[in-house]
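Secondary and tertiary structure notes
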Amino acid sequence: MNASPQPKKLPADERRNVTVEAVVELAATTNPAEITTAAIAKHMNLTQGALFRHFPNKEAIWQAVMKWVGERLMARIEKAAEGISSPLESLQAMFLAHVCFVADHPGAPRMLYGELQGAKATPAKRLASQMMKQYAARVNYLIEAGKTQGELHPELDNEAAATLFIGTIQGLVMQSLIAGDMERMRTDAPRVFAIYQRGIASSHVAKNDTKGVS
């Protein structure tokens, strides 16, 4: 009888990244609150002892997960908006990129929401909150730029528009999670953003946007 294959030995940094990715994978199908270090080790074909050689405890793993989610999500949306001069088009690119990131990593929002809903002020929760603030600031900046360039309504409430932008994505995520179909977001996102755009755009932009609509 052949022995079970042993996991390949990886450098410490790479092993930590693989562990984080394993947690995000597990969170796609498991309540994050119920993910144990034993479950993570089993998913990776490791012993818990091997896992703790790279992380001192579960809290450290969750902190690394939040850092991974924040860095990759922000990098994805920044890359999507890179080189686009129109603030409104930048917002659209960010919106669609965010949706695609979640569709690719459905465990990420489950981890994020789980941390933000927790009562304890853990390092992971602080990282999640910081990421959300950074995200909102980026959206707010583009909204103000859009008003300056005449793309968005001059009396638009920046904070409310930024909150609605993020909340609209969260709504798409929740509906897809409930339906058990994360790919649904990719189809719904362009149509949903079009409605959001009509609500914040200046009159001439909104008028041009509806020219081809029957």
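None of these values were measured; they are calculated from a predicted model. (Residues numbered from 1 in each chain as written. Predicted model: local features only at pLDDT ≥ 70, side-chain atom pairs only at ≥ 80, totals over all residues. Heavy atoms only, no water.)

Each helix and strand counted, the protein chain has 10 helices and zero strands in total. Mapped in sequence order, the helices and strands of the protein chain form the string α-α-α-α-α-α-α-α-α-α. By the burial criterion, 43% of the 214 residues in the protein chain qualify as buried. Carbon and sulfur atoms provide 53% of the accessible area of the protein chain, an area that totals close to 11900 Å². (Helix = DSSP H or I, 4+ residues; strand = E, 2+ residues; numbered from the N terminus. Buried < 20%, exposed > 50% of the residue type's maximum accessible area, 1.4 Å probe, protein only. Areas by Shrake-Rupley, 256 points an atom, 1.4 Å probe, with all protein chains shown as cover.)

In total, this model carries five aromatic pairs according to the counting rule given. For the ring pair phenylalanine 165 and tyrosine 196, a centre distance of 5.8 Å and an interplane angle of 70° mean the geometry is edge-to-face. Residue phenylalanine 165 is found in helix α8 (residues 158–179), and its partner tyrosine 196 is found in helix α9 (residues 184–200); the two are separated by 31 residues along the sequence. Here phenylalanine 165 falls in the buried class, since its relative accessible area comes to 0%. These aromatic residues form a ring-pair network of at least three members: Phe95, Tyr135, Phe165, Phe193 and Tyr196. Across from the ring centre of tryptophan 62, 4.9 Å away, lies the NZ or CZ of lysine 58, which sits over that ring. (Phe/Tyr/Trp six-rings, centres within 6.5 Å; stacked < 30°, edge-to-face > 60°. Lys NZ or Arg CZ within 6 Å of the ring centre and 35° of its normal.)

Turning next to the nonpolar core. The biggest cluster of nonpolar side chains holds 61 residues, and the ones touching the most others in it are Ile40, Val65, Tyr135, Ile143 and Phe165. Counting residues per element, this core draws most heavily on helix α4 (residues 58–81), which supplies 11 residues. With residues near it in sequence (within four places) discarded, phenylalanine 165 still touches Leu91, Met94, Phe95, Tyr135, Val139, Phe193 and Tyr196. (Core = buried A, V, L, I, M, F, W, Y, C linked by side-chain atoms within 4.5 Å. Contact = heavy atoms within 4.5 Å.)

So, about the pattern of salt bridges. All told, the structure shown has six salt bridges when counted by the stated rule. In this structure, the salt-bridge partner of arginine 191 is aspartate 188, at a minimum N-O distance of 2.7 Å. On the criterion of helical spacing, the pair formed by arginine 191 and aspartate 188 is a turn pair, its members being three residues apart in helix α9. (Salt bridge = Lys/Arg side-chain N within 4 Å of Asp/Glu carboxyl O.)

Let's shift gears to the environment of proline 123. Checked against the element boundaries, proline 123 lands in helix α7 (residues 123–148). Not counting chain neighbours up to four residues away, the residues in contact with proline 123 comprise Glu59 and Gln63.

Summing up the model confidence of the protein chain, the mean pLDDT is 88 and the portion of residues at 70 or higher is 89%. Least confident of the elements in the protein chain is helix α10 (residues 203–209), whose mean pLDDT is 59; most confident is helix α5 (residues 87–104), at 97. Considering only residues more than four positions removed or in separate chains, one finds that residues 1–6, a stretch of pLDDT under 50, has one contact. Here residues 210–214 scores under 50 on pLDDT; set against residues more than four positions off or in separate chains, the count is two contacts. (pLDDT = per-residue confidence, 0-100.)

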